[in-house]
Amino acid sequence: MDDEIDGALSEPLIASGGSGTQRPSFMARILAACGCSSSNEAGKYDLAPYQELYISPKVYKRSVNALRFAVFVDAIAGTIEQPNYPIMVLPGAHPDSFPDTGGLGFSGATYMVPMSALLGVAIASMIIGRASDKVGRKPCILFCLYGTVIGCILKFLFRFAFWPYCAFNFLNGLVSASVPVALAYAGDVNETKREKDGEIGVLVGVSMLGSAGGGIIAILMETQGLFVPLLVGSAIVFVAAVLNTLYLIEPKDVMASRQREREELGMDNEIEDDDDDQAQTVDKLDYKVFSLILLGALGDNVGSSGLMPLCLSPLAFQTFYTNADPVIMSQVAYKWVSVLVALMVVPGTIVSPYIYNKLGLAGGCIMGNVITGIVTIFLLYIALAPASTATFGIFVALLYACFPFTVISQLSTGPMLEATSPPDKRGLAQGVNITVMNLGAAVSPFVLGAISDMAGTPTAIWICIAISFIAALINIPLIWVKGCNIPAKPRTGEKKPLKGEDKEMVEKALRGEWIPAEALEEIQEERYNNKQPYLVVPVRSYAEEKDELKVLRKRAKEDFIYYQRKNNEYLHRYNTLPASERRAFCDQINRSSEVSNQDEVDAANADVGKWFADYLIDSGYHPHTDSTAIKQLIMTSFPVVNKGAAPFHPLNIERILLEYQKGYTRLIEMEGYDEGNEMRIGRVLQSARSVIYMQSI
């Protein structure tokens, strides 16, 4: 158990009373009420593992890091053969190539191998993800990891024949569902939506790196053989399986338990919702909109197959390798191009929130569909031109430069489903979306590959181009659907009727009522310019504001952003003032900060302290028993910005302003106040996993 936990539980169980008598301490009473033993040999107490996970940062990090490593190496194992697919299905291209492809042509065989795995993944995503809700996250993670270890070994043993290899590739796919379970784990062990989105982003990020890492390992081990990387994949996944057996802790959603407790007791749900900026949820699932989104997503997946993989393999592979004399693109060059292009999903993910905020989710999806079709046309004509080093360079440059924009449409599907689905149907909607994407990624390349073998690769690519434009047409009606349209700019109703009404705002401030920080600052600024003392604003009691804490939090968002902007203005003013005028600048601030009635200031300060103490008690803290811990929490939350409230001076004003600004910036970034009503990258990352996996395959 961690030292912090041990220390917290080592409070003496017997406290001395004023008369020298001994009485049970607060911790002893809590333990007795819970039915726990009050002592053991070490004077410490064991907690359930999920309780340690909830309260100890060290235990949390250890468990989450083990899970991240599992996701990373599972992605490596899933893509460790990806660069070798065209070579292993081309008889004679390599000593390890299959002797035949079971009657399939080159294109069909190239896509049959990944299709067999993706079909298994599509099935596993539905079954194992749901099973983890019943039997637990950890058993399902371990099942996937140990299953992948065995699957990689079996594929290596059956590497001598095409169809047996595909069969075991399918079986391996049936245990490749670690990412959906890991995303569910992220939801279990994090309290706020911001924390959940952040962890989801990390998990998707390590999955991206793993997808590229698998291909890199295959390239580096080329001289050892096409299938030897499978043994490396099996070994590193085994290491991850052992680490997760030892360190991954089965979570329990404490926040959900707390919510159920409040519901059973008939209390209002006061669990903080930190996602205030999101649009209001819909009451029921509109199946017409749902069908349009899925149909557009399916068309987008099929259309994108013309760009990746058809334009790269077989088209570019045949143009610059198979049919080129001399060879322009070597096997190693092809592998690097195919592996690294998957990483181009990352810049697409970064830029997509900006596009969605400007064009809306549907508008961004349509733009992505159109760009995909246009880029595919250019790549097709470049690859059909006479092969040369110049055309190969242009082909690769255009592919890498434009590919990030083509994935914008694929990344929009998840957020659109989230925005148009009620909370109790979001799991169903996202599950169907993942299944559709995986099935589309699995089946469409194989079907298009078969068309390429029969009618030629250009014909298959033109079909994909047409489907991309059709997908754009399908998504047009979504422009007018709430949640998919252009997001409205946030407007603050409370501020409008007060703007310019200084007298009324002063009266409200003097009554202790809230007014926007900008309005209050204008009043203080006028007093500053007139060399008058700042207005002393009374503090309302906690009892008066107890039922308005969520409203207070929303108001604080605007106020903090304003204070940050205003502090930047003061810093700019300081930076532009000549050194000779800075002393006068500081003196004016000091004069305005002087109080005309110290009793009013003392009363306001005391009221703030009383408000905070009342809040602590109402929130479950016990200042009378653990004041030292509470004082430390206060010092951590409110670092020193101006020791001893020293007067402003040219030698200290810059440091003080920077300390204030650092505090505002820290809180704004921690709470996400800087993101406004914009699409968050975390929401985009939630839907990026299937896109990344499809592109890497």
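Residues numbered from 1 in each chain as written. Predicted model: local features only at pLDDT ≥ 70, side-chain atom pairs only at ≥ 80, totals over all residues. Heavy atoms only, no water.

What follows covers the overall build of the chain. A count of helices and strands for the chain gives 30 helices and two strands. When each of the 697 residues of the chain is scored for burial, the buried share is 47%. Summed over its atoms, the accessible surface of the chain is roughly 33700 Å², and 61% of this surface lies on carbon and sulfur atoms. (Helix = DSSP H or I, 4+ residues; strand = E, 2+ residues; numbered from the N terminus. Buried < 20%, exposed > 50% of the residue type's maximum accessible area, 1.4 Å probe, protein only. Areas by Shrake-Rupley, 256 points an atom, 1.4 Å probe, with all protein chains shown as cover.)

That bond from aspartate 325 to proline 326 is cis: its omega, 5°, falls within 30 degrees of zero. Residue position: proline 326 is located in the loop between α13 (287-322) and α14 (331-340).

A separate point is the packing of aromatic side chains. Applying the stated rule across the entire model yields 15 aromatic pairs. Each member of the aromatic cluster is reached from another via a ring pair, and the members are Phe98, Phe162, Trp163, Tyr165 and Phe227. Above the ring of phenylalanine 156, the side-chain terminus of arginine 159 is found at 4.0 Å from the ring centroid. (Phe/Tyr/Trp six-rings, centres within 6.5 Å; stacked < 30°, edge-to-face > 60°. Lys NZ or Arg CZ within 6 Å of the ring centre and 35° of its normal.)

Glancing now at the side chain of threonine 101. With respect to the helices and strands, threonine 101 occurs in the loop between α5 (85-88) and α6 (106-135). Separated by 2.6 Å, the side chain of threonine 101 and the backbone oxygen of leucine 104 make a polar contact. Excluding residues within four positions of it along the chain, threonine 101 makes contact with Val89, Ala109, Phe162 and Trp163. (Polar contact = N/O pair within 3.5 Å; in protein donor to acceptor, adjacent residues only side chain to side chain. Contact = heavy atoms within 4.5 Å.)

Attention now moves to the packing of helix α4 (residues 57-79) against helix α7 (residues 137-157). One can describe the packing of α4 onto α7 by two numbers: an axis separation of 11 Å at closest approach and a directional angle of 30°. On the basis of the axis angle, α4 is roughly parallel to α7. Both α4 and α7 take part in a crossing whose hand is left-handed. On α7, the residues touching Leu67, Ala70, Asp74 and Ala77 of α4 are Ile141, Leu145, Thr148 and Cys152. (Axes fitted to C-alpha atoms, helices over the stretch in contact; angles between N-to-C directions. Parallel < 35°, antiparallel > 145°, perpendicular 65-115°, else oblique. Left-handed = near helix turned anticlockwise from the far one by under 90°.)

Among the surface-exposed residues, Tyr146, Phe238, Val239, Val242, Leu243, Leu246 and Tyr247 lie close enough to one another that they form a single nonpolar patch of about 600 Å² accessible area. By residue number, the principal contributor to the nonpolar patch is helix α11 (residues 229-247), which donates six residues. For leucine 246, a relative accessible area of 59% puts it in the exposed group. (Patch = residues over 30% accessible without salt bridge, like charges linked within 9 Å, V, L, I, M, F, W, Y side chains within 5 Å. Salt bridge = Lys/Arg side-chain N within 4 Å of Asp/Glu carboxyl O.)

Time to look at the pattern of salt bridges. On inspection of all chains with the given rule, the structure shows two salt bridges. The residue arginine 583 makes a salt bridge to aspartate 587 at a minimum N-O spacing of 3.5 Å. Of this pair, arginine 583 and aspartate 587 both sit in helix α25 (residues 582-593), separated by four residues, roughly a single helical turn. We classify arginine 583 as partly exposed; its relative accessible area is 45%. For lysine 610, the salt bridge identified is with aspartate 614, shortest N-O distance 2.8 Å. With lysine 610 and aspartate 614 both in helix α26 (residues 598-618), this residue pair falls four residues apart, about one helical turn.

Averaged over the chain, the pLDDT score is 75; the fraction of residues at 70 or greater is 74%. Between residues 1-39, whose pLDDT stays under 50, and residues either more than four places distant or in other chains, the model counts 57 contacts. This stretch, residues 675-679, has a pLDDT under 50; its non-local contacts, to residues over four places away or in other chains, come to 16 contacts. (pLDDT = per-residue confidence, 0-100.)

Moving on: the environment of tyrosine 185. If you trace the backbone, tyrosine 185 turns up in helix α9 (residues 178-189). We classify tyrosine 185 as buried; its relative accessible area is 2%. For the pair formed by tyrosine 185 and arginine 137, sequence separation is 48 residues and the distance between their alpha carbons is 6.5 Å. Once you skip the residues sitting within four places of it in the chain, tyrosine 185 turns out to touch Leu53, Ser63, Val64, Leu67, Arg137, Leu248, Ile249 and Pro251.

Here we come to the side chain of threonine 319. Topologically, threonine 319 is positioned in helix α13. Among the polar contacts listed, one links the side chain of threonine 319 to the backbone oxygen of leucine 315, at a separation of 2.9 Å. Within the structure, the side chain of threonine 319 is placed 3.3 Å from the backbone oxygen of alanine 383, a separation counted as a polar contact. Apart from the residues within four sequence positions on either side, threonine 319 is in contact with Ala324, Ala383 and Ala387.

At a minimum axis separation of 9 Å, α7 and α9 run at an interaxial angle of 155°. One way to sum up the angle between α7 and α9 is to call them roughly antiparallel. Crossing hand, α7 versus α9: left-handed. Contacts from Arg137, Cys140, Ile141 and Cys144 of α7 reach α9 at Ser178, Val181, Ala182, Ala184, Tyr185 and Asp188. A per-class count over the contact of α7 with α9 returns seven nonpolar, one polar and two charged. (Nonpolar A, V, L, I, M, F, W, Y, C, P; charged D, E, K, R; others polar.)

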